[in-house]
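Notes for the structure review
Each chain, written out:
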Amino acid sequence: MSDSSTPEMNYTTPKAVGLDPAVLRDQLFELWNRKDLQTLHWTALQGFSKLSEPLEALLTILEGCPGKQRGRSHTLGQHVLMEFQSWMKESPQVTLSSLSEQQAMALQQRALSLLTDTQPNFVESLINLYQLNSLDPAILRLHIIRLQALHCYKEAAVLAIKLKLQKELDMEEMCVPLILQNKLPLAESFVIGHNHLEQRLVTLLDLWCHPSFSVEEISMRFPRISLTKQCMSQIQPKLLTKQVFRLLEKFNIDQGLCPNALHKRRFDSLRFLMYKRFVDYVVADDLELQIHLVEMLVRYCGLQKAAQWSLRYNIPKNRLPSGVWETQQSLPPGLQQIGWSGSAQTEQWIPSRSHCQKFYQVPLTKDKVHFVDSPESLQRCRNIVLKECDIVGIDMEWQPTFGCISTQQVALIQLSVLDQVFLLDLCANGFCQHPDTISFIRSLFSERNILKLGYGMSGDLKCLLATWHQLLEEPLRMEGMLDLLNVHQKIQRRKVNRTQNGPKEVLVGEDSAEKGLSLLVQQVLGKPLDKTEQMSNWEKRPLRISQIRYAVADAYCLLDVYSVLSRNPAYFGLPADLRSISSSQSEKSADNKQKEKHAKQMKQAHGNEECQGAQRISPPRSDTEKGLLCGEKPSEDTPALPPQQLRVVCDNMLQGLGRYLRCLGVDVVMLENTDDHRVAAKLAQAEGRFILTCGQPFQSLRSQVGEGRCLSLDCSEKARDQAVRVLRHFNVQLTPSDIFSRCQACNSDQYAAVPRKDMVRMLKQKGFLQHQDKTNYTQQQEEEKLGDILPPSVTPEIPRYVQCQWAPLSGLDPDTLTFPGGAPVQLHTVPPALLQRIPLFYVCTRCGKVFWEGSHFGRVLAMFQDVLHITDEDTESAAAVQQN
């Protein structure tokens, strides 16, 4: 191998004769096939220096490189380009601007023809290296169309995005093939930031939501695309409707552009509500929905009921189901008119005895319920609520939208006090936007001396903001709030920890027909709420008695629940002062900010290095935040588990979490970006692993494994915080001995300890220490430096803090420097400068990755100090390590 000190060729001299790029390509190809990446690295760097025209020669090499090979994560071309970029850092004189315009154009055209790869680094590197963004857009557009013709749809989309050519291309020609190949996220990336393209994509998907849509018609336009069963299952009206509404909100597009998805969503809502009530406001004036309703009434309720509702909607005879017209003709006049069962005039305030025995009942007579729909009635309500009461139960009702609208305006606000309930009717003419109404709401929520009780108040507050935009301009001040949802979650977690030993998701209302507030009322007061009217039309006036009774119960039960919990909080596992549950959250928030500031300072002090591939850290969130892994301390009955015994598979959306868990010694398999989510279920079943996932895949994955074997995390949370939640959930007893006990690259827990003397020998053997004349780093000096640290003939001691398996160095092949499994030692990752200060290296026997002691260990200790179990012996050992 030639010495790297060979003088570099003058790049600007056109007649210079250098190394033939074809010869260099063949050399690199031979080393690539032998998997000798160390030698390939040095051969590439030395070869690039000998090329007379490096930029032109690079294209010649890349054009002759083979494509993707089985068992290789990337191609030879990608590896060569990566090495060329490293070489370019030392050769700043090699630029495209040093060539003539004609020469540069020719190289750009050749580079453009190579852009059929979807690896982001490869594409971006070629674009930047050859300044392809400066080419004529017509040339670039022609190349994208050529890729489309070759059915390289993904590659064409990626390249178009990189070159910012969206406006130059036909959206349907680009996006439809992607959608048919189950690559909708890439289609979204193509249109995002371009309003007209966003609208066209959404309206396209809406057209596909029409009942007459046939995917076969689309596939005929693209006959070369083979539609898999999985892709076909995604191009269904129900799933497409869901995507349309998601994109409507994401792109802030008017719903009026998507009539088909809106019709489909309402129709699905109608079918859902069919079992409860015939909901007039869902059907509205949509003739097709009215006909669907009548058809379902025939099926579920009989011809008479269907005939009555068909008369109400005046459905044409030719659209009626069989038998309905005949039934209409036979109905007596008294049955031909139909309305809501139980009108507001005839319905009784006191329900039936069976209803009273089954459901919670409000201990108030009807005269204690006051409608507030004018400034005068509001003044009476204000005098009582703000001046005479110290506890108020608050609930709100709004029109159900069933996903058609993200946030709805409030129709009714219920305020319950000791012996009466006020119903603020925001649908009353002029009352909602009256200045006195808004002033009262501000006064109530900001009064710290009045305790406001609610359940799941975040949803109510969102609807308040949608009702009064003034609250966005001047934010609503919140004082004295207690969300009983937080109290309920605390009760539920205590219940779960008390009744089971193994790890399991914490779900409010598990194993109960009741959910949410109704479940809390049942647990505390003995009977659930009657939720029949929950989905009724809260904007229609007058309200029915059953609606009023439901609204009053939802607000007044909060007072009764709080009263019982306050009298005996210990029975429910609660602190003596229930108000401290909400106030403690703000204290935790302040504490978290302090911890985050401290962590940031530590990060700056230690530099920017972290665990390989790990995300930036932050303190754990409050345990009341959303997520199935709540971060609670484990039950005393849950046995402690060492990290090595926890086996998990991380979905490809949680790779940062996977790297942190490996860093802490947990046995982790991580899905690749291209893996289907179902691979996680197969691995979990075959190897007895827990699945860690987030988002939509959770529902399908947990149905494929045993109870409690699939756990969901919050994707928006940082990887470090996710790791803490997992450790606490499984009661993992983390010690300093577990840190770095696994290879972060391949998950192996077996290392070989390589003393510095042997590392020097191996580096020389493979040609990585050829320049002793420059470094003056001789074997004699190496032995002298080693002697300063260790007595003669003594091998550096393996650190006690690493809890892993140790393989003898004798298992390493002395000639090829490979382990029995075939993995070569990755010597090219060892900087020669380290040899002067690192006495011992650790090599993974599975993948050959080389590790050494640095500042990582101390930083990981600091990151996870709140979940570490440290003994005095561990402290002394860790201190010794950091001193080294």
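Whatever comes next refers back to the structure up there.
One structure accompanies this document, and this report is about it.

Reading the values: the criteria
Residues numbered from 1 in each chain as written. Predicted model: local features only at pLDDT ≥ 70, side-chain atom pairs only at ≥ 80, totals over all residues. Heavy atoms only, no water. Salt bridge = Lys/Arg side-chain N within 4 Å of Asp/Glu carboxyl O. Helix = DSSP H or I, 4+ residues; strand = E, 2+ residues; numbered from the N terminus. Buried < 20%, exposed > 50% of the residue type's maximum accessible area, 1.4 Å probe, protein only. Lys, Arg positive; Asp, Glu negative; His and termini not counted. Contact = heavy atoms within 4.5 Å. Pairing = 2+ DSSP bridges. Axes fitted to C-alpha atoms, helices over the stretch in contact; angles between N-to-C directions. Core = buried A, V, L, I, M, F, W, Y, C linked by side-chain atoms within 4.5 Å. Polar contact = N/O pair within 3.5 Å; in protein donor to acceptor, adjacent residues only side chain to side chain. Parallel < 35°, antiparallel > 145°, perpendicular 65-115°, else oblique. Left-handed = near helix turned anticlockwise from the far one by under 90°. Phe/Tyr/Trp six-rings, centres within 6.5 Å; stacked < 30°, edge-to-face > 60°.

**Quick word on the pattern of salt bridges**
Summed over all chains, the structure comprises 19 salt bridges. Between Arg541 and Asp425 there is a salt bridge; the shortest N-O distance is 2.7 Å. With Arg541 in the loop between helix H26 (516-525) and helix H27 (545-567) and Asp425 in strand S4 (residues 421-425), the pair connects residues that are 116 residues apart, well separated along the chain. For Arg541, a relative accessible area of 28% gives the class partly exposed. Among the ionic contacts, a cluster of salt bridges with common partners joins Arg647, Asp667, Glu687 and Arg689.

**Examining the side chain of Lys452**
Relative to the helices and strands, Lys452 resides in strand S5 (residues 451-454). This buried residue, Lys452, is left without a salt bridge; Glu447 holds the nearest opposite charge, at 6.7 Å. When neighbours within four sequence positions are excluded, Lys452 is seen to be in contact with Val392, Ile394, Leu444, Phe445, Glu447, Glu479, Gly480, Met481 and Leu482.

**A few points about the sheet that holds strand S6 (residues 481-483)**
Read across the sheet, six strands follow the order S1-S4-S3-S2-S5-S6 without closing on themselves; strand pairing throughout is mixed. On the outer flanks of this sheet lie strand S1 (369-372) and S6, each paired with one strand and no other. Averaged over neighbouring strand pairs, the angle between their axes works out to 25 degrees when direction is ignored.

**Let's talk about the pairing of strand S3 (residues 410-416)**
The buried count for S3 comes to seven of seven residues, which makes it a mostly enclosed element. Judged from the six bridges that link them, strand S2 (residues 391-398) and S3 form a sheet pairing that is antiparallel. Bridge pairing links Gly393 to Ser416 in S3. Looking at chain direction, S3 and S4 are connected through five bridges and run antiparallel. Bridge pairing in S4 places Gln414 opposite Leu423. Here S3 folds back onto S4 in antiparallel fashion, the turn holding four residues.

**Structural notes on the environment of Arg689**
Structurally, the position occupied by Arg689 is in the loop between helix H30 (678-687) and strand S9 (690-693). Judged by relative accessible area, which is 4%, Arg689 ranks as buried. Filtering out sequence-adjacent residues up to four positions away, Arg689 remains in contact with Arg647, Val648, Val649, Asp667, Val668, Val669, Leu683, Ala684 and Arg709.

**Examining the nonpolar core**
If you look at the biggest cluster of nonpolar residues, it comprises 86 residues, and the most contacted ones within it are Phe48, Tyr130, Leu132 and Trp208. Sequence-distant contacts of Tyr130, defined by excluding residues within four places in its chain, comprise Leu55, Leu58, Leu59, Leu96, Leu107, Gln108 and Ala111.

**As for helix H9 (residues 171-180)**
Of all 10 residues in H9, eight are buried, a share of seventy percent or more. For H9, the complete set of buried residues consists of Met171, Met174, Cys175, Val176, Pro177, Leu178, Ile179 and Leu180. Lining the buried residues of H9 we find helix H7 (137-149), helix H8 (153-163), helix H10 (184-191), helix H11 (195-208), helix H12 (215-221) and helix H13 (229-234). Between the side-chain oxygen at the start of H9 and the backbone nitrogen of Glu172 there is a gap of 3.1 Å, and the oxygen is on Asp170. Downstream of H9 by a residue or two, Asn182 has a phi angle that is positive, lying close to 65 degrees.

**Side note on the packing of helix H5 (residues 101-113) against H7**
Two elements in contact, H5 and H7, have axes separated by 11 Å at closest approach and are oriented at 25 degrees. Here H5 is positioned roughly parallel relative to H7, judged by the angle of their axes. At the point where H5 passes H7, the crossing takes the right-handed sense. Every residue of H7 that contacts H5 at Gln109, Leu112 and Ser113 is listed here: Ile139, Leu140 and His143.

**Topic: the sheet that holds strand S11 (residues 750-755)**
Overall, mixed pairing links the four strands, which are arranged S12-S11-S13-S14 in an open sheet. With one partner strand each, in any of the chains shown, strand S12 (805-807) and strand S14 (850-852) form the two edges of the open sheet. Pairs of neighbouring strands in the sheet enclose a mean axial angle of 40 degrees, with direction left out of account. Both S11 and strand S13 (residues 840-844) contribute to a ladder of five bridges, which runs antiparallel. Bridging from a neighbouring strand, Tyr751 pairs with Cys844 of S13.

**Looking at the packing of aromatic side chains**
Scanning the model with the defined rule gives 14 aromatic pairs in all. Ring centres 5.7 Å apart and planes at 75 degrees place the aromatic pair Tyr660 and Phe864 in the edge-to-face group. Highlighted residues: Tyr660 in helix H29 (residues 655-663) and Phe864 in the loop between helix H36 (856-863) and helix H37 (872-883), separated in sequence by 204 residues. Among the residues examined, Tyr660 registers a relative accessible area of 0% and is labelled buried.

**Observations regarding unusual backbone geometry**
In this structure, Pro542 follows Arg541 across a cis peptide bond, with omega equal to 0 degrees. Mapped onto the elements of the fold, Pro542 is located in the loop between H26 and H27. If you check the backbone angles, Asn252 has positive phi at about 55 degrees while not being a glycine. Within the secondary structure, Asn252 is located in the loop between helix H14 (237-251) and helix H15 (259-273). Of note, Asn314 is a non-glycine position whose phi angle comes to about 55 degrees, a positive value. For Asn314, the location among the structural elements is in the loop between helix H18 (303-313) and helix H19 (324-330). Residue Asn314 is classed as exposed on the basis of its relative accessible area, which comes to 65%.

**Here's the deal with the environment of Val705**
For Val705, the position within the fold is in the loop between helix H31 (697-702) and strand S10 (710-712). Placed 25 residues apart in sequence, Val705 and Ala680 show a C-alpha to C-alpha distance of 10.0 Å. Among residues more than four places away in sequence, those in contact with Val705 are Ala681, Ala684, Gln685, Ile691 and Cys710.

**Remarks on the packing of H29 against helix H32 (residues 719-729)**
Where H29 meets H32, the closest approach of the two axes is 8 Å, and the angle between their N-to-C directions is 60 degrees. Taken together, H29 and H32 sit at an angle that is classed as oblique. Taken as a pair, H29 and H32 cross one another with a handedness that is right-handed. Contact with H29, carried on its side by Gly656, Leu657, Tyr660 and Leu661, involves Ala719, Arg720, Gln722, Ala723, Val726 and Leu727 of H32 and no other residues of that element.

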